[in-house]
Amino acid sequence: MNGSGKTLKGARFVAYTALAAASLTAGKFVLSAIPNVEIVTLLCAVYGFVLGAQGVLATCIFVACETLIYGLGPWVISYAIHWPAVALVFWLLSRFIKPSRVIPTIVAVIMTTSFGVLTALVDVGLFSGFWDDFGQRFAIYYARGAVFYVTQIVCNALVFPLLFKPAANFLLRCFEGQPKN
């Protein structure tokens, strides 16, 4: 491969990563007025599934952008763990299945459920300063946010069977014939 081929490959890598990160940030912003209705899980999953490590990198850039926009808080820890994990899990899943509706939806619902648990653990455990009655405080905190967690779970249970397979197939067609990064 000559020098211009390497440059083109590098430019594609940067452009695809930037587009994926930007669409995550824009998708979150567009739906931010509707509590816990989100497209980020779907986009992280599709990018992880289609782009692999590059999708995980785009997700990490998204988390960094969110921190720059909204500032530091306990939510950054949850974001830094959860969103790259979604992309990573779907990257691993892509090695075993083709884009489908059922398995990605099940995985998305499990991952979305884990996000509620993770955020509650971080908020109650990490930033409370004490561990007395942790179980009781965690249960109260989690129950208080249950409506929001359920909304997010239902949203992804509806969105994934409708959009995951077509979105993944579309991106796979877009990248046909292009060298893998």
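Residues numbered from 1 in each chain as written. Predicted model: local features only at pLDDT ≥ 70, side-chain atom pairs only at ≥ 80, totals over all residues. Heavy atoms only, no water.

## Thoughts on the pattern of salt bridges
Per the counting criterion, the structure on display carries 1 salt bridge. A salt bridge links Lys 28 to Glu 66, with the nearest nitrogen and oxygen atoms 3.1 Å apart. With Lys 28 in helix α1 (residues 3-30) and Glu 66 in helix α3 (residues 53-70), this pair connects stretches of sequence that are 38 residues apart. (Salt bridge = Lys/Arg side-chain N within 4 Å of Asp/Glu carboxyl O. Helix = DSSP H or I, 4+ residues; strand = E, 2+ residues; numbered from the N terminus.)

## Side note on the environment of Asn 156
Positionally, Asn 156 belongs in helix α7 (residues 146-174). C-alpha of Asn 156 to C-alpha of Ala 108: the two residues are 48 residues apart in sequence and 6.7 Å apart in space.

## Considerations on unusual backbone geometry
Residue Asn 36 is not a glycine yet carries a positive backbone phi of 60°. With respect to the helices and strands, the residue Asn 36 is situated in the loop between α1 and α2 (40-51). The exposure class of Asn 36 is partly exposed, given its relative accessible area of 26%. (Buried < 20%, exposed > 50% of the residue type's maximum accessible area, 1.4 Å probe, protein only.)

## Side note on helix α4 (residues 74-94)
If you check α4, its first and last C-alpha atoms are 31 Å apart, about what 21 residues at 1.5 Å a residue would give, namely 30 Å. For α4, the full list of buried residues reads Val 76, Ser 78, Tyr 79, His 82, Trp 83, Pro 84, Val 86, Ala 87, Phe 90 and Leu 93. (Expected span 1.5 Å × (residues − 1).)

## Describing the layout of surface pockets
Volume-wise, the largest pocket comes out at about 600 Å³. Surrounding the largest pocket, 28 residues form its lining, Lys 28, Asn 36, Tyr 79, Phe 115 and Gln 152 being those nearest its centre. Mapped by element, the contributors of at least two residues to the lining of the largest pocket are α1, α3, α4, α5 (102-126), α6 (134-144) and α7. At 5 residues, the largest contribution of residues to the lining of the largest pocket is made by α4. Residue composition of the lining of the largest pocket, grouped by class: 16 nonpolar, 7 polar and 5 charged. (1 Å grid on protein atoms, 1.4 Å probe; cavity = no way out; pocket = protein on both sides within 12 Å on 5 of 7 lines; lining within 4 Å. Points joined across faces, edges and corners; volume = space filled by probe spheres on them. Nonpolar A, V, L, I, M, F, W, Y, C, P; charged D, E, K, R; others polar.)

## Some thoughts on the nonpolar core
By size, the foremost hydrophobic cluster in this structure holds 33 residues, and its most contacted members are Trp 83, Phe 90 and Phe 164. Listed by contribution, the elements that provide at least two residues to this core are α1, α2, α3, α4, α5 and α7. Ranked by the residues each element gives to this core, the list is headed by α2, at 10 residues. Counting 5 residues, the second-largest nonpolar core is a separate cluster that includes Ala 120, Val 124, Phe 134 and Tyr 149. (Core = buried A, V, L, I, M, F, W, Y, C linked by side-chain atoms within 4.5 Å.)

## Side note on the packing of α3 against α4
Angle between the axes and distance between the axes: these two values describe a pair of packed helices. In the contact formed by α3 and α4, the axes pass within 8 Å of each other and the chain directions differ by 160°. On the basis of their axis angle, the class for α3 and α4 is roughly antiparallel. α4 is crossed by α3, and the crossing has right-handed handedness. For the pair α3 and α4, the contacting residues are Ala 53, Gly 55, Val 56, Thr 59, Cys 60, Phe 62, Val 63, Glu 66, Thr 67 and Tyr 70 in the first and Trp 75, Val 76, Tyr 79, Ala 80, Trp 83, Pro 84, Ala 87, Leu 88 and Trp 91 in the second. Taken together, the residues of the contact of α3 with α4 break down into 15 nonpolar, 3 polar and 1 charged. (Axes fitted to C-alpha atoms, helices over the stretch in contact; angles between N-to-C directions. Parallel < 35°, antiparallel > 145°, perpendicular 65-115°, else oblique. Left-handed = near helix turned anticlockwise from the far one by under 90°. Contact = heavy atoms within 4.5 Å.)

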